[in-house]
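Structural features, examined
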Amino acid sequence: MIDFNDAPDGFSVGSPQPGVAGRIPAFINSLNDRQREAALTTEGPLIVLAGAGSGKTKMLTARIAYLIEGRGVAPWQVLGVTFTNKAAGEMRERVEKVLRESGSGHLGAPEIGTFHSVCIRILRREIHRTPFTKPFVIYDDADQLTLIKGAMNKLAIDEKSVSPKGVQSAINRAKCDALQPEDVEPSAHNFFERQFKRIYEQYQKDMFANNAIDFGEIICLTYRLLRDHPDLRSSYQRRFRYIHVDEYQDTNRAQCLLLSMLAAPMNGGHGNICVVGDEDQSIYKWRGADIRNILDFEREYPGARIVKLEQNYRSSKTIIRAAGEVIKNNTARRDKTLWTDNPEGVKIIRAQVPDERAEAEFTVSEIKRVAQGENRPYGDFSIFYRTNAQSRQFEDVLRREKIPYQIVGGLRFYDRKEIKDILSYFKAILNPSDSVSIKRIINTPARGIGKTTLDKLDDWLALPENHARTFWDALAKASSDTSLVSAGTGKKLAAFIQLMERFIIEQPKLTLSELYHLILDETAYVVDLRKEGTEEALARIENLEEFDTLLQEFDEDNFFSHAEAPAGAETKPPQKADLLALFIEQTSLASDVDKLDDRSATVKLMTLHSSKGLEFPVVFLAGMEDGLFPSIKNWEETPVEDIEEERRLCYVGMTRAREKLYLMNAVMRRIWGDTHCNEPSRFFLEMPSELLDYKDYSNRLGQGSARSSFVGSSSRYLRDEYSQEAPSDSSVSRRTATFSKMPGTIQNDLVGRQMSHADYGPGTIIAVDGAGDDRKVTVEFRGRQQRKFMLRYVASYIV
DNA sequence: ACGCCGACCGTCCGA
DNA sequence: CGGTCGGCGT
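Keep in mind it's a predicted model, so treat the numbers as computed, not measured. (Residues numbered from 1 in each chain as written. Chains lettered and ligands numbered in written order. Predicted model: local features only at pLDDT ≥ 70, side-chain atom pairs only at ≥ 80, totals over all residues. Heavy atoms only, no water.)

Another point: the protein's contact with DNA strand B. The environment of DNA strand B is formed by 30 residues, the closest being Arg287, Gly448, Gly450, Ser591 and Thr607. Residue Arg386 places a side-chain N or O atom 3.0 Å away from a sugar or linking oxygen belonging to DNA strand B. Gly450 is positioned with one of its backbone polar atoms (N or O) 2.8 Å from a phosphate oxygen of DNA strand B. (Near = heavy atom within 4 Å. Polar contact = N/O pair within 3.5 Å; in protein donor to acceptor, adjacent residues only side chain to side chain.)

What follows is the structure, encoded as structure tokens:
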């Protein structure tokens, strides 16, 4: 979609004429030498190794703007590919801002999007060259699995002998490598592989017959389209004359092949491709990311220039040094070292806590303390963890303390059952050949059409003499043919068909919101939920209302953008069916990070993976325990590459922090009901200890009035279990948030006094150091065991 | 056709 | 532990 008038006229007054080749615009001056070199190297292949926080988005933005403004390249000839919608949106925004400020906004916008959105645009445009007969819908993982099960059913392959989930992951893996069913060569004795090839074949047929496409196929099909149609290939090569790829280290084989169709000289391409990546931030190997892409770039594009961006503008020296020391331990990396001119900053706080509850209590009390003490908004804070399951404790405590937070991950809004139901109606209306959606809604709400009936239809469909292609055909047949199903069922089927046909007829006249209300009215969906009356049902109704708001916003946006299109423009007004397709597509491609609002004053919770590309003044990294992070299932058989990927994840997490970094480990953690006692993460050993401020709270349990507020509901028995093994240098330093009020009996002459500690029993104070509130005492207990405590904290034990 | 109960199984995540 | 799914009983 082309944006016609983005530039207010006033902006271009007095600006030099754009498009003068060779002119170097002002925004280039704000780049450092390396960034400038990358931005100005517009011709030929270029690989930019950009460390964390080295300003690669700034460089890319400047480069694209320079191409358009300085070298007179038309915006639509510039392509920018990113991994998330959020990254694409940010880049688009920044490019447009630069162009607008220098008066070139009227030239239009470059094509910037994710691999998937760019490919979908190509596929829609070239749909007559694809197997699709109608606008296709996008299948998510759940839809895909349903289709796989259907394919296995057709082939009479038992789900117990071949796991559908296993097939799904094998199909997706094959698609990452751009392998089609015919490229799969099963080993002769491997039962799974032989079955897999058959299922994959059937699956592909079914998918196309449904006019549906899965995520992997979006890339693969586009690649094959360009590979097999030389005319198309050269036309897109002429169209996208300058190609930019962000996060290149995370591309898979299929994406790499696709790019090579557009740009590689060996395929007749222009070679103007700029890839930006950092192998130290490659964290998606398990998803098919292929490290060879970045290593072999020079081979695919001979004569490629290499530029390294090593200056970090984000973090303190302390954080950069610590992260650098960690990543240094990886072998599979290019030689580069991140450095920074930023201040030294404060030490990294490395806290050891008794359990996951204490971890959350400590985190939240620190957030409160720092937010108050340093006058920071809650939006400055973020909490990262390895797995989504770890978010629970943090949510509980944040909610209790009434601190606003936002959580990334977990269930997507569009993945909620009620939303998926309505979306399935939308999909089926747009594309009745979509059997997965039809099957989902045919008995939602309940219409008395059950599994037996669906199986009968599938069986009928499988008979070769019936030339029906889609499930919808079978449905139509059965609704009138009494030999297939009972008369009663036939009536029910006929009623369903009539309902759907009504929707299909009405749809072109309705806005999305009107269509939505028609569906709800005719199906009594909400009425049924109201009848249920449970809390869960009410939450669903609320979600549906929120969904309606989204629809209305979408309707308005598209009404206005249409209304504002210049008179006489060649673009056709969008049809309602196009808008419906567009909406469905957006929901399929939306991710959770995309809607993360980084300006809101809320604490952000997310996995380490989601954190990539973001930055926060204060970062808490939770669960740094061997086994959990690094995640290790099998201690003997974990290959070193897996540990290196975990180390990169650690590096990514640490380098998100600008000023303050907390690294936490729990001595004990409950996972799936089992208690685990893990060693502190091995990554701690890789950080220079002088950069860490070690705080050991692992013995701080159940100590009556003196206990710190961050120790929550941990049970008492733990104390006995762990007090024996506590590290001997355990020290509790500085104040941590909201200690209970101490009795005001702290005296000067403390050495030699006796105390009775709740954990360690009787002891003698042998030393005092520090001053004021930060005074610490060293106490010797039975067996010459020494411990150091904050005075405020143990004052009540002094006899 | 539907509802309940028990077995199973679980990372990370993305378009 | 907790959600999902499949099978079985009504």
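That was the structure; now back to the text.
This part is about helix α22 (residues 525-532). Within α22, the full set of buried residues consists of Tyr525, Val526 and Leu529. Each buried residue of α22 sits inside an arc of 90 degrees when the element is viewed along its axis, so together they form one side. Structural note: α22 exposes Arg530 and Lys531 on the side pointing more than 90 degrees away from its buried face. Gly533 occupies a position one or two residues after α22 and carries a positive phi of about 70 degrees. (Buried < 20%, exposed > 50% of the residue type's maximum accessible area, 1.4 Å probe, protein only. Helix = DSSP H or I, 4+ residues; strand = E, 2+ residues; numbered from the N terminus. Arc of directions from axis to C-beta.)

Let us now look at the sheet that holds strand β8 (residues 305-309). Sheet strands associate in pairs through backbone hydrogen bonding, adopting either a parallel or an antiparallel arrangement. The 6 strands are arranged β3-β2-β6-β7-β1-β8 in an open sheet whose pairing can be described as parallel. On the outer flanks of this sheet lie β3 (111-114) and β8, each paired with one strand and no other. Neighbour to neighbour, the strand axes of the sheet diverge by 15 degrees on average, direction disregarded. Bridge count between strand β6 (residues 242-245) and strand β7 (residues 273-277): 3 bridges; the pairing is parallel. Within the sheet, the bridge partner assigned to Ile243 lies in β7 and is Ile273. Of the strands in this sheet, β2 (78-82), β3 and β6 touch helix α4 (residues 115-125), which is tilted by about 115 degrees from β3. Its contacts with the sheet put helix α10 (residues 253-263) on β2, β6 and β7, and the angle it makes with β6 is roughly 160 degrees. (Pairing = 2+ DSSP bridges. Axes fitted to C-alpha atoms, helices over the stretch in contact; angles between N-to-C directions. Contact = heavy atoms within 4.5 Å.)

Let's shift gears to the environment of Leu99. For Leu99, the location among the structural elements is in helix α3 (residues 85-101). A residue is classified by how much of its surface remains accessible, and Leu99, at 1% relative accessible area, is buried. It is 10.0 Å that separates the C-alpha atoms of Leu99 and Thr61, two residues lying 38 residues apart in sequence. Excluding residues within four positions of it along the chain, Leu99 makes contact with Ala65, Ile68, Glu69, Ser104, Gly105 and Gly108.

Our focus in this paragraph is the packing of aromatic side chains. Summed over all chains, the structure comprises 19 aromatic pairs. Here the aromatic rings of Phe362 and Tyr697 are separated by 5.3 Å at their centres, their planes lie at 45 degrees, and the arrangement is tilted. One end of the pair, Phe362, is in helix α14 (residues 356-373); the other, Tyr697, is in the loop between β19 (692-696) and α27 (717-723), and 335 residues separate them in sequence. Arranged with centres 6.4 Å apart and planes meeting at 20 degrees, the rings of Tyr385 and Phe394 form a pair that is stacked. Through a chain of ring-to-ring contacts, three or more aromatic side chains come together here, namely Phe426, Tyr516, Phe547, Phe554 and Phe583. Between Arg124 and the ring centre of Phe136, over which it is positioned, the NZ or CZ distance is 4.1 Å. (Phe/Tyr/Trp six-rings, centres within 6.5 Å; stacked < 30°, edge-to-face > 60°. Lys NZ or Arg CZ within 6 Å of the ring centre and 35° of its normal.)

Right, let's talk about the state of the cysteines for a bit. Across all of its chains, the model carries 0 disulfides by this definition. As a non-bridged cysteine, Cys256 has Cys220 as the owner of its nearest cysteine sulfur, 13 Å distant. What makes Cys256 buried here is its relative accessible area of 4%. (Disulfide = S-S within 2.5 Å.)

Throughout the structure, instances matching the rule amount to 54 salt bridges. The salt bridge partner of Glu111 is Arg239, with a shortest N-O separation of 3.0 Å. One end of the pair, Glu111, is in strand β3; the other, Arg239, is in helix α9 (residues 230-239), with 128 residues separating them in the sequence. Residue Glu401 is joined to Arg400 by a salt bridge in which the shortest nitrogen-to-oxygen separation is 2.9 Å. A single salt-bridge network, built from bridges that share partners, covers Arg357, Glu361, Lys368, Glu395, Asp396, Arg399, Arg400 and Glu401. (Salt bridge = Lys/Arg side-chain N within 4 Å of Asp/Glu carboxyl O.)

Before going further, it helps to spend a moment on the layout of surface pockets. Of the volumes computed, that of the second largest pocket is approximately 800 Å³. Surrounding the second largest pocket, 31 residues form its lining, Gly150, Ala151, Lys154, Lys439 and Asp458 being those nearest its centre. Elements represented by at least two residues in the lining of the second largest pocket include exactly α5 (141-154), α7 (191-209), α17 (435-441) and α18 (451-462). Class assignment of the residues belonging to the lining of the second largest pocket gives a composition of 10 nonpolar, 10 polar and 11 charged. (1 Å grid on protein atoms, 1.4 Å probe; cavity = no way out; pocket = protein on both sides within 12 Å on 5 of 7 lines; lining within 4 Å. Points joined across faces, edges and corners; volume = space filled by probe spheres on them. Nonpolar A, V, L, I, M, F, W, Y, C, P; charged D, E, K, R; others polar.)

That bond from Phe629 to Pro630 is cis: its omega, 5 degrees, falls within 30 degrees of zero. Following the sequence through the fold, Pro630 ends up in the loop between β15 (616-621) and α26 (640-654). Residue Glu247 is not a glycine yet carries a positive backbone phi of 50 degrees. Within the secondary structure layout, Glu247 lies in the loop between β6 and α10. Among the residues examined, Glu247 registers a relative accessible area of 12% and is labelled buried. At Lys402, a position not held by glycine, the phi torsion is positive, near 55 degrees. Tracing the backbone through its elements, the reader meets Lys402 in the loop between α15 (391-400) and β13 (405-407). Relative accessible area serves as the criterion here: at 71%, Lys402 is assigned to the exposed category.

What follows concerns the nonpolar core. If you look at the biggest cluster of nonpolar residues, it comprises 65 residues, and the most contacted ones within it are Ile199, Ile243 and Ile273. Once you skip the residues sitting within four places of it in the chain, Ile273 turns out to touch Gly44, Pro45, Leu46, Ile243, Val245, Leu259, Ala263, Phe297 and Tyr301. (Core = buried A, V, L, I, M, F, W, Y, C linked by side-chain atoms within 4.5 Å.)

Once that is clear, we can look at the pairing of strand β12 (residues 381-385). Burial analysis of β12 places 5 of its 5 residues in the buried class, which makes it a mostly covered element. In this sheet, β15 lies alongside β12 in parallel orientation, the contact comprising 4 bridges. Along β15, the bridge assignment pairs Ser382 with Val619. Where β12 and strand β14 (residues 603-607) come together, 4 bridges link them in parallel fashion. Along β14, the bridge assignment pairs Phe384 with Met606.

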